[in-house]
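Architecture at a glance
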Amino acid sequence: MAKVWILWLLVIVGVVGIATTDAARKAPWRIHTLFSVECQNYFDWQTVGLMNSYRKAKQPGPITRLLSCTDEEKKNYKGMHLAPTFEIGLCGLWCSDVNAVDFGFECAMYPAINKPAGVVHWLKHSKDAKNVDWVVILDADMIIRGPILPWELGAEKGRPVAAYYGYLIGCDNILAQLHTKHPELCDKVGGLLAFHIDDLRAFAPLWLSKTEEVREDRAHWATNITGDIYGKGWISEMYGYSFGAAEIGLRHKINDNLMIYPGYIPREGIEPILLHYGLPFSVGNWSFNKLAHHDDGIVYECGQLFPEPPYPKEVRQMELDPNRRRGLFISIECINIINEGLLLQHAANGCPKPVWSKYLSFLKSKAFAELTKPKYVTPATLQMMEDKHTEEEHVDHDAGKPYPKIHTVFSTECTTYFDWQTVGLMHSFRMSGQPGNITRLLSCSDEDLRQYKGHDLAPTHYVPSMSRHPITGDWYPAINKPAAVLHWLNHVNIDAEFIVILDADMILRGPITPWEFKAARGHPVSTPYDYLIGCDNELAKLHTSHPEACDKVGGVIIMHIDDLRKFALLWLHKTEEVRADRAHYAKNITGDIYESGWISEMYGYSFGAAEGGYATTDGTLKLRHTINNEILIYPGYFPVPGVKYRVFHYGLRFSVGNWSFDKADWREVDMVNRCWAKFPDPPDPSTLDQDNEPNLQRDLLSIECAKTMNEALNLHHKKRCLSTNSSLTSKGEERTEESGMSRELGSVDASHKRRGTRTKHHRRRRSLHPGYMEMNGRDRRGVDVPL
């Protein structure tokens, strides 16, 4: 049997190798693929996955791993056989002269510089660099799905092709002006790079020198300048690339179709040929996060693979929408190819034949071979962003309005608890660059409104409170959110195409736009609330005719105004319906540990969206969400490196050392009307442990959130407490919506006593069961996992 096992290995590798050779003979130009790694187990398993995909995809030409190691690391390194290798030897040392042989200079650790340094070293010293026409540069955490042929992708001498990295905002501000003579030529690109060799030779030294230059420019590491959420210069190499290209006038053909992150939904008609698994992704209850395997020696542990994902048959049953299903298939394809590579590598390492399993049988099957055969670009895949913009210009004759209008709303009540949250959110809104207007939906009883002092805190639409249901008498403040949205839609002339819905206990860090996060009519965008287990059981079957369309989402919502108008009433009705269904409040059905229906509004949203919202010519149009886990983060959670989160949601207690913050502790404290009130200051960032990078980045975000709230309160107090007029409101300071404040409150029964607040629900609803932390952002080791 051992012979059969080895034979299978030889057949797979041999067939792929022959096919690759045939493909290489057909290529009209010489091509070479490069990727950069270090001497670590973390990069070794990525190398195994990439190399397996390189063979399966029939990528023509040779491939070379640029390996950066210190002499000490090299002594103990076990992975020299994993790929054709060209040794570099810098290992992330960033010095005043990285090309110097003598490393006696003052150096700092910046591993990302190995990439441009490695390319420069390869061009200078490798014989292969003298025998090539085109070079493709990839990252180790990638899977090739089909041949990457620069000439077929549209690359030309003087016009390389690259993937789009839209978060490189430094191309548009002072950073580019400081670091290149031609800021107008700065392209926001990265990931996949396809170069003519002549261009690469001219450009690579600038890539390296500009990386050093940006890395040295500590004065401009701030998030609002670089887009780097850590503000630590981690993406200096990316800017070094873009600024170096701009410096010599090298303009890219930018393609946003060729590469996709597993977990993302491919556009219709697009066949990505490269997977970049740099972010966590999930399929059903299965998930994968490369950071959780940073120290795994899985390449050298016989029989060890990453957890098997769902099988194709299971995926087909999970998702009815063909494009979303295709996205799930891409996700399982990614991890299966890595596992297949590990299996082959174990055999090459001399491991005994593994014990039979259904999963191993699947990886050897014809069905798997068919699913992972090379993919080839479609005409739609080859469309460049500049081509899309040209087409849009022909359709859109109003060049002054390239993007749709946005309006942001959030729901609150007439309490000082919501007032300090409003102050924080409004301050962050003004600082974030969020386009469009913002409106506070303020739900108050007549009695509360008469005593309320916070009218001037935000542009406000006043809504009758439904905390006490006017018919059933049920006390449920959370119902105010859908009721307020519906009231606003029915009473205000809204001049916006997309609506962004937030919660009051949020801090904006950057713009949330439909064009960036791909919201569209019929396809709203939201953030994951995986603890809504009722989407998967009898609760959904009872409350929607389309339980298979139930999305576990909430927090941040981006929805087209037409969808929202037709959906809002269903949101409200389904909330009432779920709230009334006391027979199904149980934790094992709803996920609510309090078993008291507190999260009925969340289910009302998901069930209402699944129900369809409105009729179309071919039945009901189900609102299917694009679920994005890069928009929102809870302070105290570990961020995914490279992700620029746009929103802090401080619904849970978070801490830094001995300091902590819990919004619930400030429910009864008037932070807004008491001059100079503020929250306890968080620790100074300089006191943090700089050696533990994950903890450091987590704590820096927590500090940023707390400081933003105190900054907001300070500015508020300066406006109120230093005013010559000591009154808390004045007619001149009252804000209105674009058509004036709406005070259509209607008839409200204000005779009842308040027995609780929406905030009690708001605090509870995100901590619903012991597994919450695992299901909503961190694994048991504190590492972010896909949501």
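Sequence order as written defines the numbering, with residues in each chain counted from 1. Restriction of local features to residues with pLDDT of at least 70 applies here, the model being predicted, together with a cutoff of 80 or more for giving and counting side-chain atom pairs; totals for whole chains, interfaces and linings are based on all residues. Remark: hydrogens and water are excluded; side-chain values derive from all non-hydrogen atoms of the structure.

Our next topic: the confidence of the model for the chain. Scored from 0 to 100, pLDDT reflects the predictor's confidence in each residue. Taken over all residues, the pLDDT of the chain has a mean of 83, while the share at 70 or more is 82%. Below a pLDDT of 50 lies the segment residues 388-401, which in the model reaches seven contacts outside its immediate sequence neighbourhood of four places, other chains included. Residue contacts follow a heavy-atom distance rule, with two residues in contact if any of their heavy atoms lie within 4.5 Å.

Looking now at helix α11 (residues 322-348). Starting at the N terminus, helices and strands are each numbered in turn, a helix being any DSSP run of H or I of at least four residues and a strand any DSSP run of E of at least two. Helix span, expected: 1.5 Å multiplied by one less than the number of residues in the helix. For α11, which comprises 27 residues, the first-to-last C-alpha distance of 38 Å matches the rise-based estimate of 39 Å (1.5 Å per residue) to within 8%. Each residue gets one of three labels from its accessible area relative to the maximum for its type: buried under 20%, exposed over 50%, partly exposed in between, using a 1.4 Å probe on protein chains only. Of all 27 residues in α11, 23 are buried, a share of seventy percent or more. In the segment just after α11, G350 is the residue with positive phi, at about 90°.

So, about the packing of helix α20 (residues 561-580) against helix α22 (residues 600-611). Two elements in contact, α20 and α22, have axes whose closest approach is 7 Å; the angle formed by their N-to-C orientations is 130°. Comparing their axes, α22 and α20 come out oblique. With respect to the hand of their crossing, α20 and α22 are arranged in right-handed fashion. Here F567, L570, W571, K574, T575, V578 and R579 of α20 come into contact with α22, specifically with S600, E601, Y603, G604, Y605, F607, G608, A609 and E611. Only Asp, Glu, Lys and Arg are considered charged in this grouping, and only Ala, Val, Leu, Ile, Met, Phe, Trp, Tyr, Cys and Pro are considered nonpolar; every other residue, Gly among them, is considered polar. Along the lines of polarity and charge, the residues of the contact of α20 with α22 split into eight nonpolar, four polar and four charged. Axis definition: a line fit to C-alpha positions, over the contact stretch in the case of helices; interaxial angles, taken between N-to-C directions, run 0 to 180 degrees. Oblique is the label for any angle not covered by the other classes, which are roughly parallel (under 35 degrees), roughly antiparallel (over 145) and roughly perpendicular (65 to 115). Here is the rule for handedness: rotate from the far helix to the near one, and if that takes an anticlockwise turn smaller than a right angle the crossing is left-handed, while a clockwise turn gives right-handed.

Moving on: the packing of helix α4 (residues 114-125) against helix α7 (residues 197-216). Contact geometry of α4 with α7 gives a least axis separation of 9 Å together with a crossing angle of 140°. One element, α4, and the other, α7, form an angle in the oblique class. You can see that α4 and α7 cross each other, and the crossing is left-handed. Taken together, the residues of α7 that come into contact with α4 (itself represented by K115, P116, A117, V119, V120 and L123) are I197, L200, R201, A204, P205, W207, L208 and T211. The class makeup of the residues in the contact of α4 with α7 is eleven nonpolar, one polar and two charged.

Further remarks concern the pairing of strand β21 (residues 553-560). Burial of β21 is extensive: eight of the eight residues sit out of reach of the surface. When DSSP locates at least two bridges between a pair of strands, those strands are taken to pair. In terms of strand pairing, strand β18 (residues 498-503) meets β21 through four bridges, oriented antiparallel. Paired with V500 across the two strands is I558, which belongs to β21.

With that settled, consider empty space enclosed by the protein. In the cavity and pocket records, a cavity denotes points on a 1 Å grid over the protein atoms alone where a 1.4 Å probe fits but cannot get out, a pocket denotes an open set with protein on both sides within 12 Å along at least 5 of 7 lines, and lining residues are residues with an atom within 4 Å of a point. Grid points are joined across faces, edges and corners, and a volume is the space filled by probe spheres set on the points. All told, the structure shown has seven cavities of 30 Å³ or more when counted by the stated rule. Lining the second largest cavity we find eleven residues, and of these K481, G554, G555, E601 and M602 sit closest to its centre. Broken down by secondary-structure element, the contributors of at least two residues to the lining of the second largest cavity are β21 and α22. Ranked by residue count, the leading element in the lining of the second largest cavity is β21, at four residues.

Moving on: the pairing of strand β17 (residues 460-464). Of all five residues that make up β17, five are buried, and the element is covered over most of its length. The side-chain alternation of β17 yields two buried faces, one formed by T460, Y462 and P464 and the other by H461 and V463. Look down the strands so they point away from you; if the path from the first strand over the helix to the second goes clockwise, the crossover is right-handed. Since strand β16 (residues 437-444) and β17 lie parallel, the crossover through helix α16 (residues 446-451) that links them has a hand, and here it is right-handed.

The salt bridge definition used is simple: a Lys or Arg side-chain nitrogen within 4 Å of an Asp or Glu carboxyl oxygen. Per the stated rule, a full pass over the model turns up 32 salt bridges. Notably, a salt bridge pairs E370 with K373, separated by 2.7 Å at the nearest N-O pair. Judged by its relative accessible area of 42%, K373 is partly exposed. Across the pair D505 and K663 runs a salt bridge whose closest N-O atoms are separated by 2.7 Å. Note that D505 is positioned in the loop between β18 and β19 (506-508) and K663 in the loop between β28 (659-661) and α23 (693-721), a separation of 158 residues in sequence. Both residues of the pair, D505 and K663, belong to the buried class.

Moving on: the state of the cysteines. The criterion for a disulfide is a pair of cysteine sulfur atoms lying within 2.5 Å. Taken as a whole and judged by the stated rule, the model has six disulfides. Between the sulfur of C171 and that of C186 lies a disulfide, 1.9 Å long from S to S. Here C171 and C186 share a disulfide; its torsion about the S-S bond, -45°, makes the bridge left-handed. Of this pair, C171 sits in the loop between β8 (161-164) and α6 (174-179) while C186 is found in the loop between α6 and β9 (189-196), placing the two residues 15 residues apart along the sequence. Here C171 and C186 have matching classes, each one buried. The residue that forms a disulfide with C302 is C351, at a sulfur-sulfur distance of 2.0 Å. Measuring handedness by torsion sign, the sulfur bridge of C302 and C351 sits at about -75° and is left-handed. In this pair, C302 is assigned in the loop between β14 (286-288) and α10 (312-318) and C351 in the loop between α11 and α12 (358-363), connecting sequence segments 49 residues apart. Residue C351 is classed as buried on the basis of its relative accessible area, which comes to 9%.

Turning our eyes to something else, we now look at helix α9 (residues 236-247). An ideal rise of 1.5 Å per residue puts 16 Å on twelve residues; α9 measures up with 16 Å between its terminal C-alpha atoms. Among all positions of α9, only S236, E237, M238, Y239, G240, Y241, S242, F243, G244, A245, A246 and E247 are buried. If you follow the buried residues of α9, they end up packed against α4, α6, β9, α7 and α8 (223-226). A positive backbone phi angle near 75° is found at G249, which sits one or two residues after α9.

Let's shift gears to the environment of R667. Mapped onto the elements, R667 comes out in the loop between β28 and α23. By relative accessible area, which is 22% here, R667 ends up partly exposed. Expressed as a C-alpha distance, the spacing of R667 and T415, which sit 252 residues apart in the sequence, is 8.9 Å.

The subject of this paragraph is the nonpolar core. Counting 158 residues, the largest nonpolar core has W45, W420 and I512 as the members making the most contacts within it. Among all residues touching W45, those that are not within four sequence positions of it are Y277, F288, K290, H293, D296, I298, V299, F306, I338 and L342. Ranked by size, the runner-up nonpolar core spans 31 residues in total, among them A496, I499, I561 and W598. The term nonpolar core refers to a set of buried residues drawn from Ala, Val, Leu, Ile, Met, Phe, Trp, Tyr and Cys, joined through side-chain atoms within 4.5 Å.

Quick look at the sheet that holds strand β2 (residues 63-68) now. Judged by pairing direction, the sheet is mixed, and its seven strands sit side by side in the order β3-β2-β1-β6-β9-β8-β10 without closing on themselves. Every interior strand has two partners, whereas the edge strands, β3 (85-87) and β10 (253-255), have only one. In this sheet, neighbouring strand axes are inclined to one another by 25° on average, regardless of whether the strands run parallel or antiparallel.

On to the layout of surface pockets. Considered as a void within the structure, the second largest pocket measures approximately 870 Å³ in volume. Lining the second largest pocket are 28 residues, with A222, T223, N224, R509 and E704 positioned closest to its centre. Among the elements of the structure, α8, α15 (416-432), β19 and α23 are those that each provide at least two residues to the lining of the second largest pocket. Counting residues per element, the lining of the second largest pocket draws most heavily on α23, which supplies seven residues. Within the lining of the second largest pocket, the residues separate by chemical class into 13 nonpolar, nine polar and six charged.

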